[in-house]
Amino acid sequence: MPARGKRLDLDTPIRQYPAASRSFHRGPITMKADVIVLGAGIVGVSTALHLVKRGRSVILVDRRGAAEEASYGNTGIIQTEAIVPYTFPRDIAKLIKYGVNRTSEANYHVGALAHLAPLLFRYWRNSSPERIAASARAYLPLTRLCLAEHEALMTEAGIAGMLRRTGYLRIYRGQAQLDEAIIEAERVKTTYGTNHNVLDAAGIRQLEPHLQGRHVGALHIPEPVSVPDPGRVGKAYAELFVKLGGRLMTGDARTLTRSGDAWRIGNVEGPLEARDAVIALGAWSDDALAMQGVRVPLFVKRGYHMHFRPRGNATLSRPVLDVDGGFVITPMTRGIRLTTGAEFGRRDTAPTPVQLRKTEPMAREMFPLADRIDPEPWMGRRPCLPDMVPMIGPVVGKKGLWAHFGHQHWGFTLGPATGRLLAEMMTDEATYTDPFPYRVDRFN
Ligand SMILES: Cc1cc2nc3c(=O)[nH]c(=O)nc-3n(C[C@H](O)[C@H](O)[C@H](O)COP(=O)(O)OP(=O)(O)OC[C@H]3O[C@@H](n4cnc5c(N)ncnc54)[C@H](O)[C@@H]3O)c2cc1C
């Protein structure tokens, strides 16, 4: 098990962390490393692993355990077809549909609109066909490597048996929606080489005999791979990191300061120092950067999950996305996991799981679900930038500071692949792709 250190009180404002701040004044021994990676979600853990494999001494710091935020509760699909990002709707019908805030696939908080409006405007501007194509081109080299990088790490971590090579299903309730989806899937196939099979209702039943309800057909996306517990994958990678000599510690990224030639951070066991620091804090990355005077247009798409027991002997063997309903059901170790689409709100306001309330009856119609397993819905935050492309690279004007966040809906898919890219940049290796599209100052 990785050394986890003491757990911090997550609600305590930073000024009140006595252990960390007192230890600065008493001058305890400073722990040194080549790199401090801040954030132990799938993105930070993967970065730390790639760096330690390249001979760097690395301390991975999180205020809680590894993979306990977004990287814990997601749908667990390694989306090898993840190339064209989710965009902000640009046609009037869709804008009205989302504007009235009654759909199950998206939800927004009216009270957050003033904060979100400038960010959503930039998201809208980046959703033009030309800019979507540019984002898709940025994703191609990353997506090509996503499965191979996971496979290598999973094999080394001894969890390759978790990979389920079943693809996933996108099912449709209306013929018009299915027809439109087939045209779009063909277009993406021609442009980017992705694969899909079109299924009618009988074809769906052949793959998933216990699916029920009013579906006219589906697209089976055959190559994506899923896991029954993405949080376990993140923890297994963290354990591998420690086995390879990395140190996993508890600390708060908001204590990051520049001290001479080094980056320094408070930690419950004493201060840490390194020449390089990586901000891999997912939805919280903007806080740590703002403290260094760097602004990034990060926003969150919140999402929820709930587990259910299957009824009787009903089984499900792959993730199933109900496209019109905007939710996914997936077989997980804990039960059938229902995950929701995007909720636009402030990162830190209380959960409002209206999408779970709306989609649970639809999910029950689709699959024989028994009782809820979790006492409360889980909420996670997808870290998003206006062009939906992650930031991977040096923070301009801040020597030794690196950014690695903004993986939006695809962080589980891409963490190991983008972790490799950043590690190559940081160790002056030839990079497997040109890092220019992911540069940190592209919105300035
Ligand atoms: C409902 C849902 C379903 C999804 N399904 C999929 C899917 O099927 N496939 C896929 O590829 N992606 C999926 N995603 C997206 C994916 O989960 C995220 O993109 C990914 O987990 C982001 O990883 P991360 O490491 O950047 O962030 P996180 O996992 O959120 O990690 C950030 C870390 O930073 C730490 N931290 C924050 N602040 C501080 C601080 N001040 N000091 C120290 N540590 C701090 C946190 O504790 C946390 O460990 C889904 C997301 C959601 C919400």
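Given the structure is predicted, the values throughout are model-derived calculations rather than measurements.

## Structural notes on unusual backbone geometry
A positive phi angle is found at glutamine 408, which is not glycine, with a value near 40°. One can find glutamine 408 in the loop between strand S21 (401–405) and helix H12 (411–426). You will see that aspartate 428, though not glycine, has its phi angle at about 60°, which is positive. On the secondary structure map, aspartate 428 appears in the segment after H12.

## Comments concerning the packing of aromatic side chains
Evaluated as defined, the whole model comprises six aromatic pairs. Measuring from ring centre to ring centre gives 6.1 Å for tyrosine 72 and tryptophan 378, while their planes differ by 70°; the resulting arrangement is edge-to-face. Placement of tyrosine 72 in helix H3 (residues 70–73) and of tryptophan 378 in strand S19 (residues 378–384) is noted, with a sequence separation of 306 residues between them. Residue tyrosine 72 is classed as partly exposed on the basis of its relative accessible area of 28%. Considering the side-chain rings of tyrosine 86 and tryptophan 410, the 6.1 Å spacing of their centres and the 50° angle between planes classify their relative orientation as tilted. Note that tyrosine 86 is positioned in the loop between strand S3 (77–78) and helix H4 (92–99) and tryptophan 410 in the loop between S21 and H12, a separation of 324 residues in sequence. Judged by relative accessible area, tyrosine 86 falls into the partly exposed class, the value being 39%. Put simply, the rings of Tyr86, Tyr139 and Trp410 touch in pairs and so form one group of aromatic residues. When the ring centre of tyrosine 72 is taken as origin, the NZ or CZ atom of arginine 337, which lies over that ring, is 5.7 Å away.

## Here's the deal with the pattern of salt bridges
In this structure the tally under the stated criterion is 31 salt bridges. When the shortest N-O distance is used, the salt bridge between arginine 54 and glutamate 429 registers 2.8 Å. Residue arginine 54 is found in the loop between helix H2 (42–53) and strand S2 (58–62), and its partner glutamate 429 is found in the segment after H12; the two are separated by 375 residues along the sequence. The class for arginine 54 is partly exposed, based on a relative accessible area of 22%. Linking glutamate 68 and lysine 235 is a salt bridge whose minimum nitrogen-to-oxygen distance equals 2.7 Å. One end of the pair, glutamate 68, is in the loop between S2 and H3; the other, lysine 235, is in helix H9 (residues 230–243), and 167 residues separate them in sequence. Through salt bridges with shared partners, a single ionic network connects Arg54, Glu149, Arg420, Glu424 and Glu429.

## Quick notes on the nonpolar core
Membership of the largest hydrophobic core comes to 48 residues, with the highest contact counts inside it found for Val37, Val58, Leu60, Met154, Val233, Tyr237 and Val278. Elements that contribute at least two residues to this core include exactly strand S1 (31–38), H2, S2, helix H6 (129–157), H9 and H12. Apart from residues lying up to four places away in sequence, tyrosine 237 is in contact with Ile42, Val45, Ser46, Leu49, His150, Leu153, Met154, Ala157, Ile159 and Pro416. Counting 32 residues, the second-largest nonpolar core is a separate cluster that includes Met31, Ala33, Trp263 and Leu272.

## Focus on a nonpolar patch on the surface
On the surface, a nonpolar cluster with roughly 360 Å² of combined accessible area is contributed by Ile92, Leu95, Ile96 and Val100. Turning to its location among the elements, valine 100 is positioned in the loop between H4 and strand S4 (106–108). Residue classification places valine 100 among the partly exposed residues on the basis of a relative accessible area of 48%.

## So, the side chain of lysine 301
Residue placement: lysine 301 occurs in strand S13 (residues 299–310). Buried charge without a salt bridge: lysine 301, with aspartate 387 as the nearest opposite-charge side chain at an N-O distance of 11 Å. Of the polar contacts made by the side chain of lysine 301, one reaches the side chain of tyrosine 123; its length is 2.9 Å. Residue contacts for lysine 301: discarding those within four places in its chain leaves Tyr86, Tyr123, Ala342, Glu343, Phe344, Gly380, Arg381, Arg382, Cys384, Met388 and His409.

## Concerning the confidence of the model for the chain
Here the chain averages 92 in pLDDT, while 94% of its residues score no lower than 70. Confidence drops under a pLDDT of 50 for residues 1–25, and excluding neighbours within four residues, the segment shows 45 contacts in the predicted structure.

## Some words on the environment of alanine 283
Summarising the element assignment, alanine 283 is placed in the loop between strand S12 (272–279) and helix H10 (285–290). Spatially, the C-alpha atoms of alanine 283 and arginine 122 are 18 Å apart, while their sequence positions differ by 161 residues. The residues touching alanine 283, leaving out its near neighbours within four places in the chain, are Leu298, Val300, Arg347, Arg381 and Pro383.

## Some thoughts on the site of the ligand
Around the ligand there are 30 residues in total, and Asp62, Ser71, Gln408, His409 and Thr413 lie nearest to it. Separating an oxygen atom of the ligand from a backbone N or O atom of alanine 70 is a distance of 3.2 Å. A distance of 3.1 Å separates a nitrogen atom of the ligand from a polar atom in the side chain of aspartate 252. Burial of the ligand by the surrounding chains reaches 98%, relative to a free accessible area of 1000 Å². Counting only elements with at least two residues in the shell around the ligand, the list comes to H2, H3, S19 and H12. Per-element accounting of the shell around the ligand gives the leading share, three residues, to H12. Residues that form the shell around the ligand fall into these classes: nine nonpolar, 14 polar and seven charged.

Rules used in this analysis
Residues numbered from 1 in each chain as written. Predicted model: local features only at pLDDT ≥ 70, side-chain atom pairs only at ≥ 80, totals over all residues. Heavy atoms only, no water. Helix = DSSP H or I, 4+ residues; strand = E, 2+ residues; numbered from the N terminus. Phe/Tyr/Trp six-rings, centres within 6.5 Å; stacked < 30°, edge-to-face > 60°. Buried < 20%, exposed > 50% of the residue type's maximum accessible area, 1.4 Å probe, protein only. Lys NZ or Arg CZ within 6 Å of the ring centre and 35° of its normal. Salt bridge = Lys/Arg side-chain N within 4 Å of Asp/Glu carboxyl O. Core = buried A, V, L, I, M, F, W, Y, C linked by side-chain atoms within 4.5 Å. Contact = heavy atoms within 4.5 Å. Patch = residues over 30% accessible without salt bridge, like charges linked within 9 Å, V, L, I, M, F, W, Y side chains within 5 Å. Areas by Shrake-Rupley, 256 points an atom, 1.4 Å probe, with all protein chains shown as cover. Lys, Arg positive; Asp, Glu negative; His and termini not counted. Polar contact = N/O pair within 3.5 Å; in protein donor to acceptor, adjacent residues only side chain to side chain. pLDDT = per-residue confidence, 0-100. Near = heavy atom within 4 Å. Nonpolar A, V, L, I, M, F, W, Y, C, P; charged D, E, K, R; others polar.

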